[in-house]
Amino acid sequence: MKNGTLFFLGLFTSLTVSFAVVLLANHQLGALTPYFDDGEGKAFPDRMPGVAARGQLVYRDLGCASCHTQQVRRPGFGADQTRGWGERQSVARDYIFQPFPQLGTMRIGPDLTNSAGRKPSALDAEDLMNLLYTGQGAMPAHAFLFDQVKVTGEVPAKALKLTGSAAPADGYAVVPSEQAQTLVAYLLSLNTVYDYPESRPVVQAAAHAEGAHK
Amino acid sequence: MSHDTQEVSSNDAHARGPLLFLLGSGLVWLVISGVLALIASVQLHTPGFLASCAWFTYGHMQALQETAFVYGWLANAGLALGLWVLTRLGGEALRAGNWVTVGALFWNLGVTLALVGIMAGDATGHSLLQLPRYVQPLLLIAYGAIAVAGVLAWSGRRNETSYASQWYVFAALFLFPWLFSVAQVALFVMPMRGVMQAVTAGWFAQGVFTLWLAPLALAAAYYVVPKVTGRVLPAYQSASLAFWVLIVVGAWTGGRHLIGGPVPAWIPSLAIVSCSLLVFHYFVVWMNLKGALGQGGAVMKLTSFGLLAYVIGGCADALTSIRGFAVITQFTYFTQAQQQLALYGGVSMLFFGALYFAVPRLTGKAWASAALIGGHATTAIFGVLMLVISLGVAGWTQGQALLKPAVTFPEIAAATRPWLLLASAAYTVLLLGNLMLVVNFLQTLAAKSTVPTATLFQATSDIKETA
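Residues numbered from 1 in each chain as written. Chains lettered and ligands numbered in written order. Predicted model: local features only at pLDDT ≥ 70, side-chain atom pairs only at ≥ 80, totals over all residues. Heavy atoms only, no water.

**Q** Would you mind showing me how to read the overall build of chain A here?
**A** The secondary structure content of chain A amounts to 5 helices and 4 strands. On C-alpha atoms alone, chain A measures out to a radius of gyration of 23 Å, which is more than a quarter above the 17 Å that the 2.2 N^0.38 rule sets for 214 residues. In terms of principal-axis extent, the alpha carbons of chain A reach across some 80 × 50 × 40 Å. Buried residues in chain A amount to 46% of all 214 residues. A separation of at least 24 residues holds for 70% of the contacts in chain A among residues at least 6 apart in sequence. Per element, the accessible surface of chain A, about 10600 Å² overall, is 57% carbon and sulfur. (Helix = DSSP H or I, 4+ residues; strand = E, 2+ residues; numbered from the N terminus. Rg over C-alpha atoms; globule rule 2.2 N^0.38 Å. Buried < 20%, exposed > 50% of the residue type's maximum accessible area, 1.4 Å probe, protein only. Contact = heavy atoms within 4.5 Å. Areas by Shrake-Rupley, 256 points an atom, 1.4 Å probe, with all protein chains shown as cover.)

**Q** Just to check I follow, could you spell out the overall build of chain B for this structure?
**A** Helix and strand counts for chain B come out as 15 helices and 0 strands. Dimensions of chain B, computed from the C-alpha atoms along their principal axes, are close to 70 × 40 × 40 Å. Per-residue burial over chain B gives 64% buried out of 467 residues. Carbon and sulfur atoms provide 70% of the accessible area of chain B, an area that totals close to 15700 Å². Across chain B, the mean location of the 19 positive side-chain charges is 3 Å away from that of the 11 negative side-chain charges. (Lys, Arg positive; Asp, Glu negative; His and termini not counted. Charge placed at Lys NZ, Arg CZ, Asp CG, Glu CD.)

**Q** What's the story with the side chain of R107 of chain A in this structure? I'm lost.
**A** Take R107 of chain A: it is sitting in the loop between helix 2 (50-62) and helix 3 (125-134). Residues contacting R107 of chain A, with those up to four places away along its chain left out, are C67, T69, Q71, V72, R73, D80 and W85 of chain A together with F331, Q398, L402 and F409 of chain B.

**Q** Teacher, can you tell me more about the nonpolar core here?
**A** Side chains of nonpolar character tend, in soluble globular proteins, to be buried together. All names here are of chain B. Counting 184 residues, the largest nonpolar core has Y71, W73 and W212 as its most contacted members. Element by element, the count of residues in this core is highest for helix 7 (residues 196-229), at 24 residues. Each residue touching W73, except ones within four places of it in the same chain, is listed here: G26, L27, W29, L30, A68, G78, S348, F351, F352 and L355. (Core = buried A, V, L, I, M, F, W, Y, C linked by side-chain atoms within 4.5 Å.)

**Q** What should I look at first to understand unusual backbone geometry in this one?
**A** Negative phi is the rule for most residues except glycine; trans is the rule for most peptide bonds. In the segment running from F44 of chain A into P45 of chain A, the intervening peptide bond is cis, with an omega of 0°. By secondary structure assignment, the location of P45 of chain A is in the loop between strand 2 (42-44) and helix 2. In this structure, L50 of chain B takes a positive phi of about 55° despite not being glycine. Judged by its relative accessible area of 34%, L50 of chain B falls in the partly exposed class.

**Q** Just checking my understanding: could you explain the packing of helix 3 (residues 58-90) of chain B against helix 5 (residues 136-155) of chain B for this structure?
**A** In a pair of packed helices, the angle between the axes and the distance between the axes together describe the arrangement. All names here are of chain B. Their axes nearest at 8 Å, the elements helix 3 and helix 5 cross at an angle of 20°. As far as their axial angle goes, helix 5 and helix 3 are roughly parallel. When you trace helix 3 past helix 5, the crossing you get is left-handed. On helix 5, the residues touching L79, L83, L86 and T87 of helix 3 are Y143, I146, A149, G150 and A153. Partitioned by chemical class, the residues of the contact of helix 3 with helix 5 number 7 nonpolar, 2 polar and no charged. (Axes fitted to C-alpha atoms, helices over the stretch in contact; angles between N-to-C directions. Parallel < 35°, antiparallel > 145°, perpendicular 65-115°, else oblique. Left-handed = near helix turned anticlockwise from the far one by under 90°. Nonpolar A, V, L, I, M, F, W, Y, C, P; charged D, E, K, R; others polar.)

**Q** So what exactly am I meant to see when it comes to the interface of chain B and chain A here?
**A** Much of the literature gives interface size as the accessible area that the parts lose upon coming together. On the chain A side, the residues contacting the 73 residues of chain B number 64 residues. Approximately 5800 Å² of surface area, both sides summed, lies buried where chain B meets chain A, with 70% of it carried by carbon and sulfur atoms. The largest contributions to the chain B side of the interface with chain A come from R193, F331 and F409 of chain B, which together make up 13% of the buried area. Between chain B and chain A we count 0 salt bridges in total. Taken together, the links from chain B to chain A amount to 15 residue pairs in polar contact (both at pLDDT 80 or more). Considering each element in turn, the side of chain B that touches chain A owes the most residues, 8 residues, to helix 6 (residues 164-189) of chain B. Among the residues making up the side of chain B that touches chain A, the classes are represented as 49 nonpolar, 19 polar and 5 charged. (Buried area = accessible area lost by both parts, 1.4 Å probe. Salt bridge = Lys/Arg side-chain N within 4 Å of Asp/Glu carboxyl O. Polar contact = N/O pair within 3.5 Å; in protein donor to acceptor, adjacent residues only side chain to side chain.)

**Q** So what exactly am I meant to see when it comes to the side chain of S321 of chain B here?
**A** All names here are of chain B. With respect to the element layout, S321 can be found in the loop between helix 10 (298-320) and helix 11 (323-329). Owing to a relative accessible area of 2%, S321 belongs among the buried residues under this scheme. Looking at S321, its side chain comes within polar contact range of the main-chain oxygen of A318, at 2.8 Å. Excluding its chain neighbours within four sequence positions, the residues that come into contact with S321 are R256, I259, I272 and C275.

**Q** Help me understand the packing of aromatic side chains, please; the structure alone is not making it clear to me.
**A** By convention here, two paired aromatic rings are described through the distance between centres and the angle between planes. Under the counting rule described, the total for this entry stands at 40 aromatic pairs over all chains. Above the plane of the ring of F100 of chain A lies R60 of chain A, whose end atom (NZ or CZ) is 4.1 Å from the centre. Positioned over the ring face of F357 of chain B is R361 of chain B, at 3.8 Å from the centre of the ring. (Phe/Tyr/Trp six-rings, centres within 6.5 Å; stacked < 30°, edge-to-face > 60°. Lys NZ or Arg CZ within 6 Å of the ring centre and 35° of its normal.)

**Q** Whenever I open this one, helix 3 of chain A confuses me. Can you help?
**A** Since one α-helical turn is 3.6 residues long, residues separated by three or four positions face the same way. Where helix 3 of chain A is concerned, the buried positions are L128, M129, N130, L132 and Y133 of chain A. The elements touched by buried residues of helix 3 of chain A are strand 3 (146-150), strand 4 (172-176) and helix 4 (178-189) of chain A.

**Q** Looking at this structure, I do not really get the pairing of strand 4 of chain A. What am I missing?
**A** Here is the key point about a regular strand: its side chains alternate between the two faces of the sheet. All names here are of chain A. Counting buried positions over the 5 residues of strand 4 gives 4, a clear majority of the element. One ladder, built from 5 bridges, connects strand 3 with strand 4; its direction is antiparallel. From the neighbouring strand, V149 faces strand 4, where its bridge partner is A173. (Pairing = 2+ DSSP bridges.)

**Q** Sorry if this is basic, but what is going on with the packing of helix 2 (residues 10-45) of chain B against helix 3 of chain B here?
**A** Residue and element names in this part refer to chain B. Remark: helix 2 packs on helix 3, axes separated minimally by 7 Å, with the N-to-C direction vectors making an angle of 160°. Judged on the interaxial angle alone, helix 3 and helix 2 are roughly antiparallel. Both helix 2 and helix 3 take part in a crossing whose hand is left-handed. In the contact of helix 2 with helix 3, the residues fall into 23 nonpolar, 8 polar and 2 charged.

**Q** For this particular structure, what's the right way to read the environment of A145 of chain B?
**A** Residue and element names in this part refer to chain B. With respect to the helices, strands and loops of the structure, A145 is situated in helix 5. A relative accessible area of 14% means that A145 is categorised as buried. With residues up to four places along the chain from it excluded, the contact list for A145 reads W99, V100 and G103.

This is the structure:
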């Protein structure tokens, strides 16, 4: 490698070509549009409500994606469907309205792609609040997302209904902070119930291929 | 080459200040990242640990330890060793040393700001790119200032022919800012939509390893191994091919974490093929540097461990990128084990080896304590082995359990807990070892140089026999 210029050009070209591959992917995925379903008379996916979009920021800022993924793999590849995380695989179109997609890299806790659309085990707002406040298994309690307030007169409507050791002292109530409320609103907005054309045939083809191997 | 006459070079004196500053700050980050990694590891088996404050969530601690390790320790140490190798092989004194010092100052300021930012909740959420977006331009400029010295050392080299070490350093110096600036634009300035962010972040994260950290580590190894063994590297004529395979194919492996993910199948498929192609690179590196194995002395022990970890880690990446393995290891601690094997076992250990070789030559003083060198080398090797094995077993257990829908998450946590406790013990061992290195480094800097230069490297050969 005596020729410095040539060497430099080689380096430059190598990385440029690898980025061109990323741009190729962007060409395929970057301009995905919502899918309009004539039968339902509306387009999918839904845009996130404003409060949920703020909740996604809380989710990102706390680093929830360090333990939870938001990507369901195709049937036959892992136990994602049998665990009830989603009936179909996640596809790129699911994420087009998300400013910060939280695909995640670790499953220390369950996948949350479809946490609100799960049947029959989807948690409601109250369950989620209690889970956040007390923690469970490997999930730490996120008590810092809640305020202990002194009850004067009526108990606040948003107060958590806690029993046992988690219950606050007499005369006090645990109320979710705004962060907790937006976070829960975000989790309740996560559902991938709608079946896109691209998520359907791949599922069948994959299931078919799995069967053929066995 | 007769290295007795070349061991003490006046060129090293010029490089002393800036490069020791880089190395020293790297070591501070190494200890800080060790503490953070220990906290994060404890949180995995004891979720209540430091859980009462938003600043200390596991997500934050994980991002913090990774950032401190990669951008604090590996970047500082890698740049110092890389510049040192370039000036030594170039045969000229380090030029633009002031640029290095100022660049290093701002780089470390940037990393400090990044850590505070991550604690406050500004991490980006992308693996190996957790740096809050507002410190990224600062880091890029600081890196540029440091790299000026490298470019001058390359262009001003005395010999037209160049060595493998020089290619690797120069590639790392140039390719990182390219990667980093493009990633900043594509992810933060004009963010790509939806899953494209994950694809781009994967491209960047693989590039950070294959085009920046691994080349810096290899540069150090390609320099130190022939120096210590005193032999020509076997199969050296293939080294350039191994270099180009790494550079050309390296960043194509970015999609391997998206296997089964919400992207078209060609993206992970391309990554799987690229991972397999890289095995050729690992094979040639192994052929070139295997002479390090079986040599005495801390420098060669650490280097040969690093070499083994680098090669095994590369093969493990190729293996686990195959879908049959990925279905088990994906999203588990196994991926953390692989990352630690590559970054700690591979890159960091090669840096340790080269650091023990470089510091006496840079300072003109022998290492203050041979016992601390031996202690650090032993704890580092033992700690990395323990860490990678415990995380690997934990990950495999977790992966198998995730495939069985009947096993609940609290059950998985209980099954992996013993191994995660072992991982915390490993982090403790590593932290203690790294403290030994820092103490030894500081004592060496503080010591008065009373040894005549002729007998300066006697201490190193003593270490060879004792350690």
